[in-house]
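So the chains spell out like this:
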Amino acid sequence: MASSPPLWRRAFDAIERPLGDALASGGRSETFADAVSLGLHLRRRVEREVERRTRRALHMVNLPAASDVRGLTKQVTELQRQVRALSHELEEARAGRDG
């Protein structure tokens with residue numbers, strides 16, 4: 001003889017199905033998509049403003065900001081690329097002279 005599910009399970013099943021269906025259809029709605037888009041836009045805007053103010057505060061006390069470090073990292077990467085290319089050219093010139 002099969003026992004019936006516990007009371008908590010019956011209560012969960014009674015609520016989950018209709019609520020889950022409503023949430024799933026809401027998640028596919030245009031209004032939800034608009035709300036998510038607006039939320040992402042606002043988040044980016046707040047992040048840019050926080051970064052701008054943080055950069056300004058760091059520069060006021062003569063400290064580098066993340067954007068400064070990113071710029072320097074790009075410059076160092078480019079210099080490394082150029083040094084590798086020059087080293088390769090130098091090795092080829094030496095090999096041509098010795099060979």
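Overview of the structure.

Rules behind the numbers
- Residues numbered from 1 in each chain as written.
- Predicted model: local features only at pLDDT ≥ 70, side-chain atom pairs only at ≥ 80, totals over all residues.
- Heavy atoms only, no water.
- Helix = DSSP H or I, 4+ residues; strand = E, 2+ residues; numbered from the N terminus.
- Rg over C-alpha atoms; globule rule 2.2 N^0.38 Å.
- Buried < 20%, exposed > 50% of the residue type's maximum accessible area, 1.4 Å probe, protein only.
- Areas by Shrake-Rupley, 256 points an atom, 1.4 Å probe, with all protein chains shown as cover.
- Expected span 1.5 Å × (residues − 1).
- Bend = angle between axes of the 7 residues up to and from the residue.
- Patch = residues over 30% accessible without salt bridge, like charges linked within 9 Å, V, L, I, M, F, W, Y side chains within 5 Å.
- Salt bridge = Lys/Arg side-chain N within 4 Å of Asp/Glu carboxyl O.

### Quick notes on the overall build of the chain
- Along the backbone of the chain there are three helices and zero strands.
- In sequence order, the chain lays out its α and β elements as α-α-α.
- Computed over C-alpha atoms, the radius of gyration of the chain comes to 31 Å, more than 25% over the 13 Å expected from 2.2 N^0.38 for 99 residues, which places it beyond the range of a compact globule.
- Across its three principal directions, the C-alpha atoms of the chain cover 95 × 50 × 30 Å.
- Looking at the 99 residues of the chain, the share that counts as buried comes to 1%.
- Surface exposure of the chain reaches about 9100 Å², of which carbon and sulfur atoms provide 61%.

### As for unusual backbone geometry
- For N62, which is not glycine, the phi dihedral falls at a positive 60°.
- Along the chain, the position of N62 falls in the loop between helix 2 (30-60) and helix 3 (66-98).
- A relative accessible area of 72% places N62 in the exposed class.

### So, the environment of R94
- As for its position among the elements, R94 is in helix 3.
- Sequence spacing of R94 and D34 is 60 residues, and the spatial spacing of their C-alpha atoms is 64 Å.

### Brief notes about helix 1 (residues 7-27)
- When the terminal C-alpha atoms of helix 1 are compared, their 30 Å separation across 21 residues agrees well with the 30 Å that a helix rising 1.5 Å per residue should span.
- Of all the bends in helix 1, the greatest, near 30°, is centred on E16, and the proline P18 appears no more than four residues after it.

### What to know about a nonpolar patch on the surface
- Nonpolar side chains collect at one region of the surface, where I15, L19 and L23 lie side by side and expose about 320 Å² of accessible area between them.
- Mapped onto the elements, I15 comes out in helix 1.

### Examining the pattern of salt bridges
- Tallying each qualifying case throughout the model produces seven salt bridges.
- Of the charged contacts, one joins R52 and E49 as a salt bridge, the two residues approaching to 2.5 Å between their closest N and O atoms. Taken together, the positions of R52 and E49, both in helix 2 and three residues apart, correspond to about one turn of that helix.
- According to the relative accessible area criterion, R52 is partly exposed, its value standing at 31%.

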